[in-house]
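A look at the structure
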Amino acid sequence: MITVLNHPLITHKLTQMRSLSTGTKDFRQNLDEIAGLMAYEITRDLKLEPVTVNTHSGPYDTFQLNKEVVLVPILRAGLGMVEGILDLIPTAKVGHVGVYRDEETLLPHEYFAKFPDKLEQAEVLVLDPMLATGGSADAAIEIVKKRGAKTIKLVCLVGAPEGVEFIKERHPDVDIFLAALDEKLNEHGYIVPGLGDAGDRIYGTK
Ligand code: PRP
Ligand code: URA
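This report concerns the structure included in the present document. Worth saying up front: this structure is predicted, and the values here are computed from it rather than measured.

Some thoughts on the site of ligand 1
Looking at ligand 1, there are 15 residues lining it, with Arg-101, Asp-128, Thr-133, Gly-134 and Ser-136 nearest. For ligand 1, an oxygen atom lies 2.9 Å from a polar atom in the side chain of Arg-76. A distance of 2.8 Å is found between an oxygen atom of ligand 1 and a backbone nitrogen or oxygen belonging to Gly-134. In the complex, 91% of the free accessible area of ligand 1, which totals 500 Å², lies under the protein chains. According to the grid-proximity analysis, the pocket containing ligand 1 is the largest pocket. Of the residues contributing to the shell around ligand 1, the split by class is six nonpolar, five polar and four charged.

Laid out in structure tokens, this is it:
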């Protein structure tokens, strides 16, 4: 399943991120804010379990989340989405996957992986602003699956049709959430219109 979260606030913030005149500070802030807005929709189907709490007027039968949420940002750019989502789900744990894309071959290379325990019982959200060829997201999803994850969502800001199709084919069990589905990839594997190199824009490395 793919969901594109059309919301005026998301579109407005994404427009600012697309603009070349937006510098590192505002790029990072908009990314953080969009991730927070997306979290509300992404978590809509989280399951609840019954619980009884003691209130000022006595015991009350109500509900609480029945699964732990684990955020898995793909380094580096995915890190820019973590704080915005933690604002909404402060109890979430955070794993990390390091994957970079070779600029010549466009193939993903893994360099780091560290996760909290019991991924098999958690709702795992894999985070990356960019879904281009889909190679990096595919590698990250493979890694969390090998560590036992069963319920996985892929959360990206901007996706290219090529990357969406690749993930749908490779991981039909993973739901994809985007803030925008863009037009295509260019000859260098960059999303058009896209955001440019998200990692470099977040961290000011170019
Ligand atoms: C970017 C982006 C994704 C990947 C998308 O990361 O953040 O991880 O490229 O491309 P793909 O879908 O074709 O794999 P990059 O490799 O530039 O690393 P960085 O985050 O460290 O800059
Ligand atoms: N990685 C990025 O940061 N941007 C793209 O458009 C494609 C890959």
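Alright, that's what it looks like, and here's the rest.
Looking at helix H2 (residues 24-42)
Over its 19 residues, H2 runs 26 Å from end to end, which matches the ideal 27 Å to within 8%, given 1.5 Å per residue. For H2, the set of buried residues is Phe-27, Asn-30, Leu-31, Ile-34, Ala-35, Gly-36, Met-38, Ala-39 and Ile-42. The elements touched by buried residues of H2 are helix H1 (8-18), helix H3 (82-88), strand E8 (123-127), strand E10 (151-159), strand E11 (175-181) and helix H6 (198-203).

Quick look at the pairing of E8
Along E8, five of the five residues are buried, which leaves the element largely enclosed by surrounding structure. Relative to E8, strand E4 (residues 69-75) is paired through five bridges, and the arrangement is parallel. From the neighbouring strand, Pro-73 faces E8, where its bridge partner is Leu-127. Pairing of E8 with E10, which is carried by five bridges, proceeds in the parallel orientation. Paired with Glu-123 across the bridge in E10 is Thr-151.

Some details on the side chain of Ser-136
When you line up the elements, Ser-136 lands in helix H4 (residues 135-146). Setting aside residues no more than four positions away along its own chain, Ser-136 makes contact with Ile-74, Val-99, Arg-101 and Pro-108.

Focus: the packing of aromatic side chains
The tally for this structure, following the rule as stated, stands at one aromatic pair. The interplanar angle of 40 degrees and the centroid separation of 6.1 Å between the aromatic rings of Tyr-100 and Tyr-111 together place this pair among those described as tilted. Remark: Tyr-111 occurs in strand E7 (residues 108-114) and Tyr-100 occurs in strand E6 (residues 96-101); sequence separation between them is 11 residues. For Tyr-100, a relative accessible area of 44% puts it in the partly exposed group.

Description of the site of ligand 2
Lining the immediate surroundings of ligand 2 are Arg-101, Met-130, Ala-132, Gly-189, Tyr-190, Ile-191, Gly-196, Asp-197 and Ala-198. Between ligand 2 and Gly-196 there is a distance of 2.8 Å, counted from a nitrogen atom to a backbone nitrogen or oxygen. Within the backbone of Ala-198, a nitrogen or oxygen atom sits 2.9 Å from an oxygen atom of ligand 2. Compared with its free state, where it exposes 240 Å², ligand 2 has 88% of that area covered by protein. Because more than half of its atoms lie within 2 Å of the grid, ligand 2 is assigned to the largest pocket. Its residues assigned to classes, the shell around ligand 2 shows five nonpolar, two polar and two charged.

Some words on the pattern of salt bridges
Taken as a whole and judged by the stated rule, the model has 13 salt bridges. One salt bridge in this structure joins Asp-26 and Lys-25, with 3.5 Å as the shortest N-O distance. A relative accessible area of 60% means that Lys-25 is categorised as exposed. Salt bridges linked by common partners bring Asp-45, Glu-123 and Lys-153 together as one network.

Reading the values: rules and limits
- Residues numbered from 1 in each chain as written.
- Chains lettered and ligands numbered in written order.
- Predicted model: local features only at pLDDT ≥ 70, side-chain atom pairs only at ≥ 80, totals over all residues.
- Heavy atoms only, no water.
- Near = heavy atom within 4 Å.
- Polar contact = N/O pair within 3.5 Å; in protein donor to acceptor, adjacent residues only side chain to side chain.
- Areas by Shrake-Rupley, 256 points an atom, 1.4 Å probe, with all protein chains shown as cover.
- 1 Å grid on protein atoms, 1.4 Å probe; cavity = no way out; pocket = protein on both sides within 12 Å on 5 of 7 lines; lining within 4 Å.
- Sits in = over half its atoms within 2 Å of the grid points.
- Nonpolar A, V, L, I, M, F, W, Y, C, P; charged D, E, K, R; others polar.
- Helix = DSSP H or I, 4+ residues; strand = E, 2+ residues; numbered from the N terminus.
- Expected span 1.5 Å × (residues − 1).
- Buried < 20%, exposed > 50% of the residue type's maximum accessible area, 1.4 Å probe, protein only.
- Contact = heavy atoms within 4.5 Å.
- Pairing = 2+ DSSP bridges.
- Phe/Tyr/Trp six-rings, centres within 6.5 Å; stacked < 30°, edge-to-face > 60°.
- Salt bridge = Lys/Arg side-chain N within 4 Å of Asp/Glu carboxyl O.

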